[in-house]
Amino acid sequence: MAKLTKRIGALVLRLAAFGAALAALIVMVTSRERASFFAVSLEAKYTDMAAFKYFVIANAVVSVYSFLVLFLPKESLLWKFVVVLDLLMTMLLTSSISAALAVAQVGKKGNANAGWLPICGQVPKFCDQVTGALIAGFVALVLYVLLLLYSLHSVVDPFLLQKS
Amino acid sequence: MAVAKLVLAATSGKSSKILLGLRVLAFLATLSAAIVMGLNKETKTFVVGNVGNTPIKATFTAKFQHTPAFVYFVVANAMVSFHNLLMIALQLFGGKTELTGFRLLSIAILDMLNVTLLSAAANAAGFMAEVGKNGNKHARWDKICDRFATYCDHGAGALIAAFAGVVLMLIISAVSISRLVQPNKCSISTTAASTSVVP
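None of these values were measured; they are calculated from a predicted model.

Chemist: Looking at this model, I keep getting lost on the interface of chain A and chain B. Mind explaining?
Modeler: Many structure descriptions define interface size as the accessible area lost when the parts assemble. With 38 residues of chain A at the contact, the number on the chain B side is 41 residues. Here chain A packs against chain B, burying approximately 3,400 Å² in sum over the two surfaces, 74% of which is carbon and sulfur. Across the chain A-chain B interface, the total number found is 0 salt bridges. Where chain A meets chain B, there are 6 residue pairs in polar contact (both at pLDDT 80 or more).

Chemist: Hey, could you run me through the state of the cysteines in this one?
Modeler: Disulfide: a covalent bond connecting the sulfur atoms of a pair of cysteines. One pass over the full model with this rule turns up 2 disulfides over all chains. Covalently, Cys120 of chain A is tied to Cys127 of chain A through a disulfide, its sulfur atoms 1.7 Å apart. The S-S bond linking Cys120 of chain A to Cys127 of chain A shows a torsion near -95°; that makes this disulfide left-handed. Residue classification places Cys120 of chain A among the buried residues on the basis of a relative accessible area of 14%. Residue Cys127 of chain A is classed as buried on the basis of its relative accessible area of 14%. Each sulfur of the disulfide joining Cys145 of chain B and Cys152 of chain B lies 1.8 Å from the other. Judged by the sign of its S-S torsion, about -95°, the cystine formed by Cys145 of chain B and Cys152 of chain B is left-handed. The pair Cys145 of chain B / Cys152 of chain B is uniform in exposure class, with both members buried.

Chemist: Where do I start with the UniProt feature "domain: Casparian strip membrane protein" (unreviewed entry) in chain B in this structure?
Modeler: Here the UniProt-annotated "domain: Casparian strip membrane protein" (unreviewed entry) positions come out as residues 14–168 of chain B. Between the first and last C-alpha atoms of residues 14–168 of chain B the distance is 18 Å; the span itself is 68% helix and 14% strand.

Chemist: How should I be thinking about the pattern of salt bridges in this particular structure?
Modeler: Should their charged atoms come close, side chains of opposite charge can pair. All names here are of chain A. A complete count under the given rule lists 4 salt bridges over all chains for this structure. A salt bridge links Arg14 to Asp86; the nearest nitrogen and oxygen atoms lie 3.0 Å apart. Of the two residues, Arg14 sits in helix H1 (residues 2–29) while Asp86 sits in helix H3 (residues 79–109), which places them 72 residues apart along the sequence. Each member of the pair, Arg14 as well as Asp86, carries the same accessibility label: buried. The network of salt bridges with common partners includes Arg32, Arg34 and Glu43.

Chemist: Help me out: how do you make sense of the UniProt feature "transmembrane region" (unreviewed entry) in chain A in this one?
Modeler: Residue and element names in this part refer to chain A. Summarizing the sequence annotation, UniProt attributes the feature "transmembrane region" (unreviewed entry) to residues 12–31, 51–72, 84–107 and 133–152 in the numbering used throughout. Helix makes up 90% of residues 12–31 and strand 0%, with an end-to-end C-alpha separation of 28 Å. Helix makes up 100% of residues 133–152 and strand 0%, and the two end C-alpha atoms of the span are 28 Å apart.

Criteria and thresholds
- Residues numbered from 1 in each chain as written.
- Chains lettered and ligands numbered in written order.
- Predicted model: local features only at pLDDT ≥ 70, side-chain atom pairs only at ≥ 80, totals over all residues.
- Heavy atoms only, no water.
- Contact = heavy atoms within 4.5 Å.
- Buried area = accessible area lost by both parts, 1.4 Å probe.
- Salt bridge = Lys/Arg side-chain N within 4 Å of Asp/Glu carboxyl O.
- Polar contact = N/O pair within 3.5 Å; in protein donor to acceptor, adjacent residues only side chain to side chain.
- Disulfide = S-S within 2.5 Å.
- Buried < 20%, exposed > 50% of the residue type's maximum accessible area, 1.4 Å probe, protein only.
- UniProt positions renumbered as here; feature names shortened; annotations may be inferred.
- Helix = DSSP H or I, 4+ residues; strand = E, 2+ residues; numbered from the N terminus.

Here is the structure:
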């Protein structure tokens, strides 16, 4: 009975992680704002920054992977593979959030030493949506770390609870 | 006892030697990345204007501290290389310590945490370096690599070392996880162990 609740818990976690990654993806893709300053029209899209494109791609990969693993049958031998793939997905998530955050921080605060002006003053809604996407990505990351620990626990039995 | 099986399998066998070699490589890679980026600094004097006939010169410095992503890069690489150093020391000089199930688990978890940390640091620094190299015309950010070429080259070298470290740490993490699996097929040298392998 405990095993069943654990499995349901893991399934709920994976569904939540899928939802969070999908939300991050959608919020980042739909972030777009048109502003004009100094008689120049400026449109801010997520494709302007390479880091945001990477964020979208990474979250898309993680969403698709989570969706597929949701339907993996319990007795399948692929669960051992899922441990390594979970680690890879966690790595992908952290790297995408880290890269997007580094670039977004420059967009918000600028970089006085390099002469880069912050752009959030001109496109505040774009900045807010990117922040929202990053928060969703961070939630997906935390859920994935928990999922990784669960996969590790269920496949390799690290506490040696089964005497075989 | 199930614990004894895991202990003896983990301290001997070919996987230990491979792991040691990989850890030494990862330690060297991340340490060199941290050092090269930490010492990355370039000072240049530019002519910014002319007053009459005399040019006005201003000195500009490019340091790694100017970019938070690079600061994170240096710190994360230093942490991962320290972790690898500890693991190498444990393997070389902790010969008599028993690697119980919990210790192997904590080594595996620490390896996983470090691989995610390192990949995040390498990626953040990589994307910031890309902005520095190509600029961003949408945000009107000028590239800096045409003026500070040595700074960019050193940064690129540090990034390559860090990405090599990421790949190595990923392999190390996979090997650490595989050592947690019940060792029914591991080669064990001592005879005392062989009696406990058979369930």
